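Structure at a glance
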Amino acid sequence: MTAARTRARRGRGLPGRVLRGTSGVLAAGLVGLFVVLLAGWAFTTRTGSAGPGTGMLVGHGLAAAAAVVAQVVADRRDGRSGALAAWLAIAIAAAVLGGYWLF
């Protein structure tokens, strides 16, 4: 059996790599968004202007942590469990971006 077929059977073929790459980018984006919100909160707290509230900071922080954990699981496991964890990271990012930023 070739190496490409072995990777494909373990879920590391092109579709699996694209899925894990997409979920990784979204998880990293949530971490980056949380850092920006935290910096904005620190700035607005000093100046006394309106900024992100506690609920938004806590929600984004918990979601970023959960997405990173799901992404680590997706990167370390093969097959369905890895794919499910990658889809979970994507779902968390979609829920946060949709819930906090669209509605």
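What you are looking at is a predicted structure, and each value in this text was computed from that prediction instead of being measured.

1. Thoughts on the packing of helix 3 (residues 54-76) against helix 4 (residues 79-102)
Orientation of helix 3 relative to helix 4, taken along the N-to-C sense of each, is 165°, at an axis distance of 7 Å. By the angle class used here, helix 3 and helix 4 are roughly antiparallel. The crossing of helix 3 and helix 4 is left-handed. Together, Gly 55, Met 56, Gly 59, His 60, Ala 63, Ala 66, Ala 67, Ala 70, Gln 71, Val 73 and Ala 74 of helix 3 and Gly 82, Ala 85, Ala 86, Leu 88, Ala 89, Ile 92, Val 96, Tyr 100 and Trp 101 of helix 4 make up the contact between the two elements. Here the residues of the contact of helix 3 with helix 4 are counted per class, giving 15 nonpolar, 5 polar and no charged.

2. Notes on the nonpolar core
In terms of nonpolar packing, the biggest core is built from 8 residues, these being Ala 27, Leu 30, Ala 63, Ala 64, Ala 67, Ile 92, Ala 93 and Val 96. When residues of this core are traced back to their parent elements, those giving at least two are helix 2 (14-47), helix 3 and helix 4. In this view, Ala 27 contacts Ala 67, Val 68 and Gln 71; residues no more than four positions away in its chain are not counted. Among the nonpolar cores identified, the runner-up in size contains 5 residues, and Leu 19, Ala 74, Ala 85 and Ala 86 belong to it.

Reading the values: rules and limits
Residues numbered from 1 in each chain as written. Predicted model: local features only at pLDDT ≥ 70, side-chain atom pairs only at ≥ 80, totals over all residues. Heavy atoms only, no water. Axes fitted to C-alpha atoms, helices over the stretch in contact; angles between N-to-C directions. Helix = DSSP H or I, 4+ residues; strand = E, 2+ residues; numbered from the N terminus. Parallel < 35°, antiparallel > 145°, perpendicular 65-115°, else oblique. Left-handed = near helix turned anticlockwise from the far one by under 90°. Contact = heavy atoms within 4.5 Å. Nonpolar A, V, L, I, M, F, W, Y, C, P; charged D, E, K, R; others polar. Core = buried A, V, L, I, M, F, W, Y, C linked by side-chain atoms within 4.5 Å. Buried < 20%, exposed > 50% of the residue type's maximum accessible area, 1.4 Å probe, protein only.

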